[in-house]
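# Report on the structure
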Amino acid sequence: MKYLDTIEQADGMLQKTLGFLKQHRLPANPINYGVVYEYMAESNKDISKTLDRDLKAGKTIDSFLMESLYKDFILQQDAKQEAIVDDVHNVVSTTQKHATKAHKDTSNYISILDEGMSMLDREDTTLSKQVIDRLIKISSSMKNSQTVLLKALRQAQAKTAELQQQIDEYEESKQIDQLTGLFNRSVLNQTVDMWVSNDVQNIAAIAINLDHFKQFNDNYGVTIGNVILSKVAQKVKSYVADSGLPVRTGGEEFLIMIPEADVHTAGEIAEKVRQGVEKLQFVNAKNRQRLPKVTVSLGVTSYNPKIGIEGTLQKATSAMRMAKATGRNRVFTDS
């Protein structure tokens with residue numbers, strides 16, 4: 001982030017940023033402050049677009065969202081990314097060095113070969129023998145040079161394959177929420193777009209939210225809360241691991257997108273998720289105290305191409321809020 005604000009401008013932005021953080025009950029830590037400052041300064045189009053969309057949709061603006069925006073749109077490179085770039089540079093540099101030497105040796109060999117061939121045309125056998133001996137010697141040297149190049153190319157090929165695997169793993173890691181193991185929002189649009197382009201019919205959406213989770217965090221701490229969140233996410237994932245797309249969309253909010261499923265089928269899956277989460281039992285590892293039962297409220301709807309993924313997500317979220325409003329720990333279907 002590069003800021004060229006005057007003192008007066010920076011002070012104004014400070015007040016706006018702190019006001020936004022206070023309004024949404026966000027701690028003024030460096031990540032939250034940095035993201036909101038970018039938003040208030042309108043200096044990052046991606047952050048502005050995402051926050052404007054979520055504010056319009058009435059989504060909770062929490063630290064999870066702030067961290068996601070920071071990673072996606074502010075943090076340019078991490079250590080692993082830099083290491084991969086360095087490795088690629090080393091492979092290219094080493095290969096180029098060997099290739100340059102091989103090119104030079106080849107040019108030299110061709111020049112000597114041309115010269116030697118022209119000298120062999122003479123009837124001087126002694127000179128011809130000297131030329132042949134020289135050609136044999138330079139050919140042996142050329143063979144050694146090519147052998148070194150071939151070895152370097154094989155090493156480069158192996159390293160390139162290793163780097164490709166690291167890049168694939170890195171790209172995959174950017175799509176996975178590290179706490180829960182579910183996909184993040186970046187995967188949602190591209191997956192649904194792929195389904196639609198492949199004429200997948202009846203895409204269902206299930207919005208999921210843990211009940212009273214803020215109170216749970218307040219009572220038992222964020223560390224235990226994160227463990228609970230992770231376990232619930234894995235339970236959610238277990239019901240759609242092979243057929244659907246489980247996404248973490250917010251702090252304690254999940255979304256399941258299921259292709260080739262109508263709202264009735266999705267409602268049945270949602271009920272299984274609800275019952276599965278309700279049956280989970282948690283114990284505090286420090287004092288062996290049994291923790292309160294954790295429940296979820298779920299909202300079910302179907303994907304509508306006319307309103308797109310954002311509109312569908314809003315409908316699913318509204319259905320989930322109806323489930324909360326009518327008692328929590330239940331499924332509400334918006335058909």
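This text follows the structure it describes.
The sections below set out a description of the structure shown in this document.

About the criteria used
- Residue positions are counted from 1 within each chain, in the order its sequence is given.
- Residues qualify for local features only when their pLDDT is at least 70, as the model is predicted, and side-chain atom pairs are given and counted only at 80 or more; totals for whole chains, interfaces and linings, by contrast, use all residues.
- Calculation of side-chain values draws on the structure's entire complement of heavy atoms; hydrogens and water are dropped beforehand.
- In this text, helices come from DSSP runs of H or I with a minimum length of four residues, and strands from runs of E with a minimum of two, each type numbered from the N-terminal end.
- Type-normalised accessible area, obtained with a 1.4 Å probe on protein chains alone, sets the label of each residue: buried when under 20%, exposed when over 50%, and partly exposed for intermediate values.
- Here a residue-residue contact requires only that any non-hydrogen atoms of the pair lie within 4.5 Å.
- Here the accessible surface of atoms and residues is derived via Shrake-Rupley with a 1.4 Å probe, and residues count as covered only by protein chains that are part of the display.
- The pairing criterion is simple: DSSP has to find at least two bridges between the two strands.
- Here a cavity means grid points, on a 1 Å grid over the protein atoms only, where a 1.4 Å probe fits yet cannot get out; a pocket means an open set of points with protein on both sides within 12 Å along at least five of seven lines; lining residues are those with an atom within 4 Å of a point.
- Grid points are joined across faces, edges and corners, and a volume is the space filled by probe spheres set on the points.
- When residues are sorted by character, Ala, Val, Leu, Ile, Met, Phe, Trp, Tyr, Cys and Pro go into the nonpolar class, Asp, Glu, Lys and Arg into the charged class, and all the rest, Gly among them, into the polar class.
- Each Phe, Tyr or Trp ring (for Trp, its six-membered ring) is paired with any other whose centre lies within 6.5 Å, and the angle between the two planes then decides the class: stacked below 30 degrees, edge-to-face above 60, tilted in between.
- Orientation is described by axes fitted as lines to C-alpha atoms, over the contacting stretch for helices, and by angles from 0 to 180 degrees between their N-to-C directions.
- We define a salt bridge as a contact between a side-chain nitrogen of Lys or Arg and a carboxyl oxygen of Asp or Glu at a distance within 4 Å.

On to the overall build of the protein chain. Helix and strand content of the protein chain: 11 helices and five strands. Each of the 335 residues in the protein chain was classed as buried or not, and the buried ones make up 37%. Counting only contacts in the protein chain whose residues sit at least 6 apart along the sequence, the fraction spanning at least 24 positions is 68%. Total accessible area on the protein chain stands at roughly 20,100 Å², and carbon and sulfur atoms take up 51% of it.

Within a regular strand, side chains alternate between the sheet's two faces. Most of strand 3 (residues 253-258) is tucked away, with six of its six residues classed as buried. Alternating residues of strand 3 divide into Glu253, Leu255 and Met257 and Phe254, Ile256 and Ile258, and every residue in both groups is buried. Where strand 1 (residues 204-210) lies against strand 3, six bridges are found, and the strand directions are antiparallel. In the sheet register, Ala207 faces strand 3, and the bridge partner there is Leu255. Pairing geometry for strand 2 (residues 245-248) and strand 3, over four bridges, is antiparallel. Its bridge partner lying in strand 3, Arg248 is registered against Phe254. Count of turn residues in the strand 2/strand 3 antiparallel hairpin: four residues.

Within the structure shown, the criterion is met by one cavity of 30 Å³ or more. Every residue lining the largest cavity is listed: Lys59, Ala207, Ile208, Thr249, Glu253, Phe254, Leu255, Leu313, Thr317 and Met320. Its residues assigned to classes, the lining of the largest cavity shows six nonpolar, two polar and two charged.

On to the packing of aromatic side chains. Taken as a whole, this structure holds four aromatic pairs when the rule is applied. Between Tyr33 and Tyr37, the aromatic rings sit 5.8 Å apart at their centres with planes inclined by 45°, giving tilted as the arrangement. Pair noted here: Tyr33 and Tyr37 are both in helix 2 (residues 30-41), with a separation of four residues, about one helical turn. Judged by centre distance (6.2 Å) and plane angle (5°), the rings of Phe213 and Phe216 are stacked. You can see Phe213 and its partner Phe216 sitting in helix 8 (residues 213-220), three residues apart, about one turn around the helix. Overall, the relative accessible area of 7% leaves Phe213 in the buried class. An aromatic cluster of three or more residues is present, and its members are Phe213, Phe216 and Tyr220.

Taken together, the five strands give an open sheet; going across it, the order is 2-3-1-4-5, and neighbouring strands pair in mixed fashion. Every other strand in the sheet has two partners, leaving strand 2 and strand 5 (331-333) as the edge strands with one partner each. Within this sheet the neighbouring strands show an average axis-to-axis angle of 20°, counted without direction. Set on the sheet, helix 10 (residues 263-279) makes contact with strand 1, strand 3, strand 4 (296-302) and strand 5; between it and strand 4 the angle comes to about 170°.

In this section: the layout of surface pockets. Vacant regions in the atomic arrangement are exposed by a probe of water-molecule size rolled over the atoms. One number sums up the size of the second largest pocket: a volume of about 200 Å³. Residue lining of the second largest pocket: Thr223, Ile224, Val227, Ile228, Phe282, Val283, Asn284, Ala285, Lys286 and Leu291, and that is the complete set. For the lining of the second largest pocket, a count of residues per class yields seven nonpolar, two polar and one charged.

Attention shifts here to the pattern of salt bridges. In total, this model carries nine salt bridges according to the counting rule given. The salt bridge partner of Asp54 is Arg53, with a shortest N-O separation of 3.2 Å. Judged by its relative accessible area of 28%, Arg53 falls in the partly exposed class. Between Glu310 and Arg185 there is a salt bridge; the shortest N-O distance is 3.3 Å. Residue Glu310 is located in helix 11 (residues 308-325), and its partner Arg185 is located in helix 7 (residues 185-197); the two are separated by 125 residues in the primary sequence. Through salt bridges with shared partners, a single network forms among Arg53, Asp54, Arg185 and Glu310.

Right, let's talk about the side chain of Thr249 for a bit. The residue Thr249 is located in the loop between strand 2 and strand 3 in this model. With relative accessibility at 8%, the residue Thr249 sits in the buried group.

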